[in-house]
Amino acid sequence: MFTTADLWDKYETLLSCVDPIFNHFGNKKMFSGKIMTIKLFEDNSLVRKQLESDGKDKVLVIDGGASLRCALIGDQLAALAIQNNWEGIIVNGCIRDSAVINSMNIGIKALNTSPVKSVKRNLGEINIPVKFGGITFIPEDYIYADGDGILVSKNNLLK
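Note that this is a predicted model, so its numbers are computed, not measured. (Residues numbered from 1 in each chain as written. Predicted model: local features only at pLDDT ≥ 70, side-chain atom pairs only at ≥ 80, totals over all residues. Heavy atoms only, no water.)

Caption draft 1: Highlighting the nonpolar core. The biggest cluster of nonpolar side chains holds 24 residues, and the ones touching the most others in it are Leu 51, Ile 73 and Ile 108. Where this core is concerned, the elements lending two or more residues are β3 (31–39), α2 (45–51), β4 (58–63), β5 (71–73), α3 (75–83), β6 (88–95) and β7 (108–113). Listed in part, the 16 residues of the second largest apolar core include Phe 31, Leu 111, Phe 137 and Val 152. (Core = buried A, V, L, I, M, F, W, Y, C linked by side-chain atoms within 4.5 Å. Buried < 20%, exposed > 50% of the residue type's maximum accessible area, 1.4 Å probe, protein only. Helix = DSSP H or I, 4+ residues; strand = E, 2+ residues; numbered from the N terminus.)

Caption draft 2: Structural detail: the pairing of strand β11 (residues 142–146). In terms of residue burial, β11 counts as a mostly covered element, since five of its five residues are buried. Taking every second residue as pointing to the same face, both faces of β11 are buried, with Tyr 142, Tyr 144 and Asp 146 on one and Ile 143 and Ala 145 on the other. Pairing of β11 with strand β12 (residues 149–153), which is carried by five bridges, proceeds in the antiparallel orientation. What sits directly across from Ala 145, in β12, is Ile 150. (Pairing = 2+ DSSP bridges.)

Caption draft 3: Examining α3 more closely. Here α3 has its buried residues at Leu 77, Ala 78, Leu 80 and Ala 81. One side of α3 carries all its buried residues, which in axial view fall inside an arc of 160 degrees. Exposed positions of α3 whose direction lies more than 90 degrees from the buried face are Gln 76 and Gln 83. Buried positions along α3 lie against α2, β5, β6, α4 (98–101) and β7. (Arc of directions from axis to C-beta. Contact = heavy atoms within 4.5 Å.)

What follows is the structure, given as structure tokens:
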């Protein structure tokens, strides 16, 4: 167990704090793990492919370009994330099926909700540095999220 506030107090010089622009969804109130990234725009094809892989000790960070026009995660993808042991998901964009997701054992941070589904064109990039929320998310770095916010570090601070 951890809180981002306690991590900040203990390791401030090792951490970056993401701008407080995200809403929390899902029953899992805190999550952490190694960062895996996807950069895309209004196309969640690669999200499904990534969530089909083993997510143990990993957090999927999706840079959706802050689009509020469609959702990149819904209840089916959230269920897939749970099935494949993903620790959590950060979405620089929207989710849908929020009422269902809020009853699921997953932690998701997203900008907002939208009932509109994304297109499927298999466009995007996987595991490249992505920048939003005032910081750069680098694959293989570590992320810590709870009700107070999101922190990122090069090091695993929970060893």
